[in-house]
Amino acid sequence: MNLSSPDSVHSGTTSQANRPGRSAKPQEADTASAPGVASITHLANKLAEYLTPVELKRVKEAYRFSDEMHLGQVRKSGEPYISHPIAVAEICADWKLDAQAIMAALLHDVIEDQDVKKEELIERFGPQVANLVDGLSKLEKIEFQSVVEAQAENFRKMLLAMASDVRVILIKLADRLHNMRTLGVMVPAKKRRIAGETMEVYVPIAHRLGLNDIYRELQDLSFSHLYPLRYQTLSKAIKAARGNRREVVKKILDAVKNQLATAGIQAEVYGREKTLFGIYKKMRNKHLSFSQVLDVYGFRVVVDSIPNCYVALGTLHALYKPMPGKFKDYIAIRKINGYQSLHTTLIGPYGTPVEFQIRTQDMHRTAESGVAAHWLYKTGDQNMSDLQQRTHAWLQSLLDIQQQTGDSAEFLEHVKVDLFPDSVYVFTPKSKIIALPRGATPLDFAYSIHTGIGDHTVGVKINHEPASLRTELHNGDIVEIETDPQSRPSPTWLSFVRTGKARSAIRHHLRTVNLNESVELGQELLAQSLAQLGVTAELTPATIERLLAESSAKSMEELYADLGIGKRMPALVARHIFGLMDGDVDALPAQPSSGGELDPVTIYGSEGVAVQLAPCCLPIPGDQIIGQLRRDQGLVVHTSDCSQAQRLRLKEPDRWIAVRWGEELNRRFDCRIRLLINNEKGILARVAAEIGESDANITYVGMDEDDEAMMTQLRFTIQVKDRVHLAHLIRNLRRVAGVNRVERERT
């Protein structure tokens, strides 16, 4: 899209530098370059096709104001800066966005770059245009090299502005697309940074909104700047292969058109080359060379009705043999972004795999334009309204996550998970289809239905069979959630849930419901870390005030709670306090000791979610123990000789602290034991009776038989008071007739 014209003129007459209270801001542009020229003529002609004369007049007013504000600014390429807003507006015009969106596209930088007040825009162009520009102006460039919190906050602002009006993100995507198209003049480091954030943030958003044209172009543009040598090499290879494959493509096209015509199906058939990034991703994921990627070309068949999609599918399968397992029906079960098509891969001439997509004209429009099809084709049909509803539901979920999320970094983490393009489609018992990210579990399913269902989940049936809450769901699974009003979320759920909504809801519960518990643990952890630095006096009000101001916590209670759930590291907070008290932080050791030279943290095993006993080793009183602070899961206690703990300690040594058992432990603790017994009648009853007589409870039993050895291995999870109680039980079990070996089981 070339908006420069050698004979067009710059229409601004008053420099924004001369306006009262306003000064020209220096731009990233190379001011040594000679300014070019820009024209609105092409944009005006495009808008005249669908806007009324009154609307077009308002757009031209917005252009003149923007031109005046940006007068004197040039881009890095040397073009007048106004050429960029014009280009963004042209992309929006291709989607036939309304006049207000086009005006906002032309004005999108005036608040951020030129200090124009929102009130002035309201007075000149009305509140809706001003709100759009204001929303866009908050979307500062996400600096992936900057502080994580700042990056996350910018991203949060962008998505919340998008949630209030989807036109905000459409204009932002048009802005990013033009910036990527003109990125060539930037220095390599800046190219890589902008391309990286585009690939990580804007590409998934475009895909999620069904904007496949922009999605593919942004992918290829990002690829070309992130890996220029790979891009050039692959581009040359495709050009070289094009000539060799032209004959094959023509042969397939002719054969398909003739076969469909013979079947009486009216259809548009055309071939398409897959994107460079799509080919590269396939080569990388499947470890293939370019010569091994056979399906570089695909074909689209566009017919007039849904029934003819399936007739065309049968016709193609009669022409070429289908590859087993390569058929997908996205018409019956559409993708989460509204996409619909039949996909099939056939064995074409010379044994080459060929992919076909079969769809109707309406499906094709939605596939290319996604949510923007609402403006492109205002037909009012059910497909479009359904797509709008799906988009609205997703945008609403962003607001739900925001309300439950403690800070911007968490929000960023949750939402980026939900932007993952791959999905699985499962069914409720009443046959409603639920779309979830690849790798989702029954808990993700439960939270997608309602937060209350997720919070009270106790079990699940998948395809009418009991299953674990950790089970990965697959396409077509029928999922039935079992709930209990007394049940509450467990911190361990965070280790396997997949969706942002589930994560934010679980963390919200852990923060709020167990606040007092986390605060108490946080106080003890901080006291321990301060003692290691020789700080035993109470913190002064002045120190507390500075600490809260610099840690972004609203109160000491919030700070303690963050420490208690592992969100902040006690050692780092203690070092910060040491510095605030005029201590020499540089003289401190880089890594605080976790060996427990001072008083360890005392635990009683009944603290609920703030303190958890690790399921890998199931520590019991009397065991030597050590604690790991896990983010948003609090303190996880392992036995000192636990092999898993030893591996984790090497990776994150600063997250481990000394802990010890309290004096009064008025509860029982789970423990695993393993027995090797003879295969004889009544042995299991004798073992169970002995466990009961030893004052222990059985919570689980499993067995593995070895018919050849005439032996059986029994595995019990039992509840005991401490190591002494366990040793007494093991001695009693060894005296049972038929028991050959008894030992405590570790993982």
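Residues numbered from 1 in each chain as written. Predicted model: local features only at pLDDT ≥ 70, side-chain atom pairs only at ≥ 80, totals over all residues. Heavy atoms only, no water.

Novice: Teacher, can you tell me more about the overall build of the protein here?
Specialist: Scanning the protein from N- to C-terminus turns up 28 helices and 20 strands. Within the protein, residue pairs in contact and separated by at least 24 positions form 70% of the contacts whose partners lie at least 6 positions apart. With an accessible surface of roughly 35,100 Å², the protein has 51% of that area assigned to carbon and sulfur atoms. (Helix = DSSP H or I, 4+ residues; strand = E, 2+ residues; numbered from the N terminus. Contact = heavy atoms within 4.5 Å. Areas by Shrake-Rupley, 256 points an atom, 1.4 Å probe, with all protein chains shown as cover.)

Novice: I would appreciate a short explanation of helix 23 (residues 541–551) in the present structure.
Specialist: Since the α-helix packs 3.6 residues into each turn, any two residues three or four apart lie on the same face. Burial in helix 23 covers these residues: Thr543, Leu547, Leu548 and Ser551. The arc that holds the buried residues of helix 23, viewed along the axis, is 130°, so those residues lie on one side. Residues of helix 23 that are exposed and point more than 90 degrees away from the buried face comprise Pro541, Glu545 and Ala549. Those residues of helix 23 that are buried are in contact with helix 24 (556–564) and helix 25 (570–580). (Buried < 20%, exposed > 50% of the residue type's maximum accessible area, 1.4 Å probe, protein only. Arc of directions from axis to C-beta.)

Novice: Would you take a moment to explain a nonpolar patch on the surface for this structure?
Specialist: Taken together, Leu684, Ile698, Val701 and Met703 make up a surface patch of nonpolar side chains, about 310 Å² in accessible area. Broken down by element, the residue count for the nonpolar patch peaks at three residues, all from strand 18 (residues 697–706). By the element assignment, Ile698 lies in strand 18. (Patch = residues over 30% accessible without salt bridge, like charges linked within 9 Å, V, L, I, M, F, W, Y side chains within 5 Å. Salt bridge = Lys/Arg side-chain N within 4 Å of Asp/Glu carboxyl O.)

Novice: Can you help me understand the pattern of salt bridges in this one?
Specialist: Proximity of charged atoms lets side chains of opposite charge pair with each other. This model, assessed by the stated rule, comprises 18 salt bridges. For Asp254, the salt bridge identified is with Lys250, shortest N-O distance 3.0 Å. You can see Asp254 and its partner Lys250 sitting in helix 12 (residues 228–262), four residues apart, about one turn around the helix. Judged by relative accessible area, which is 33%, Asp254 ranks as partly exposed. Given a relative accessible area of 53%, Lys250 falls into the exposed group. With its nearest N and O atoms 2.9 Å apart, the salt bridge here joins Arg668 to Asp695. In this pair, Arg668 sits in the loop between strand 16 (656–661) and strand 17 (669–678) while Asp695 sits in the loop between helix 27 (683–693) and strand 18, placing the two residues 27 residues apart along the sequence.

Novice: Is there a simple way to explain the side chain of His343 in this structure?
Specialist: Following the sequence through the fold, His343 ends up in strand 5 (residues 342–347). Relative accessible area serves as the criterion here: at 12%, His343 is assigned to the buried category. Excluding its chain neighbours within four sequence positions, the residues that come into contact with His343 are Lys326, Phe327, Lys328, Tyr330, Phe356 and Gln357.

Novice: In this structure, what is going on with the environment of Ser555? I would like to understand it.
Specialist: Position of Ser555 among the secondary structure elements: in the loop between helix 23 and helix 24. Spatially, the C-alpha atom of Ser555 lies 9.1 Å from that of Glu545, the residues being ten residues apart in sequence.

Novice: Help me understand unusual backbone geometry in this model?
Specialist: With glycine set apart, most residues show a phi of negative sign, and most peptide bonds adopt trans. Positive phi, normally seen in glycine, also occurs at Lys96, with a value near 60°. Summarising the element assignment, Lys96 is placed in the loop between helix 3 (83–94) and helix 4 (99–107). The backbone of Leu618 sits at a positive phi, close to 45°, despite the residue not being glycine. The class for Leu618 is buried, based on a relative accessible area of 13%.

Novice: How should I be thinking about the sheet that holds strand 11 (residues 479–483) in this particular structure?
Specialist: Pairing between the strands of a sheet is mediated by backbone hydrogen bonds and can be parallel or antiparallel. Strand order across the open sheet formed by three strands is 10-9-11, with antiparallel pairing between neighbours. Two strands close off the open sheet at either side, each with one partner strand: strand 10 (465–467) and strand 11. For this sheet, the mean angle separating the axes of adjacent strands, direction not counted, is 35°. Here strand 9 (residues 457–462) pairs with strand 10 via three bridges, running antiparallel. Considered in strand 10, the bridge of Ile462 is made with Glu465. (Pairing = 2+ DSSP bridges. Axes fitted to C-alpha atoms, helices over the stretch in contact; angles between N-to-C directions.)

Novice: Just checking my understanding: could you explain the packing of helix 11 (residues 212–226) against helix 13 (residues 276–286) for this structure?
Specialist: To describe two helices that pack against each other, one gives the angle between their axes and the distance between the axes. Where helix 11 meets helix 13, the axes come as close as 8 Å, and the angle between the chain directions of the two elements is 65°. As summarised for this structure, helix 11 and helix 13 are arranged roughly perpendicular, according to the angle between their axes. In contact with Gln219, Asp220 and Phe223 of helix 11, helix 13 contributes Leu276, Phe277 and Tyr280. (Parallel < 35°, antiparallel > 145°, perpendicular 65-115°, else oblique.)

Novice: It is not clear to me how the state of the cysteines should be interpreted in this structure. Could you clarify?
Specialist: By definition, a disulfide links two cysteine residues through a covalent bond between their sulfur atoms. Under the counting rule described, the total for this entry stands at zero disulfides. With no disulfide partner, Cys617 has as its closest neighbouring cysteine sulfur the one in Cys642, 3.8 Å distant. Unpaired in terms of disulfides, Cys642 finds its nearest cysteine sulfur in Cys616, a separation of 3.6 Å. Judged by its relative accessible area of 4%, Cys642 falls in the buried class. (Disulfide = S-S within 2.5 Å.)

Novice: I'm lost on the environment of Arg674 in this one. Help?
Specialist: Considering the arrangement of structural elements, one finds Arg674 in strand 17. Along the primary structure Arg674 and Arg744 are separated by 70 residues, whereas in three dimensions their C-alpha atoms are 6.2 Å apart. Ignoring any residue separated from it by four or fewer positions in sequence, one finds Arg674 in contact with Gln713, Leu714, Arg715, Arg741, Val742, Glu743 and Glu745.

Novice: Just checking my understanding: could you explain the nonpolar core for this structure?
Specialist: Looking at soluble globular proteins, one finds that nonpolar side chains tend to be buried together. Counting residues in hydrophobic clusters, the biggest one holds 72 residues, and the most contacted among them are Leu107, Leu121, Leu173 and Leu234. When residues in this core are grouped by element, the largest group, nine residues, is from helix 9 (residues 166–181). Here Leu173 is in contact with Tyr202, Ile205, Ala206, Leu209, Leu211 and Leu218, once residues within four sequence places are set aside. In this structure, Leu521, Ile620, Leu714 and Val742 belong to the second largest nonpolar core, which totals 31 residues. (Core = buried A, V, L, I, M, F, W, Y, C linked by side-chain atoms within 4.5 Å.)

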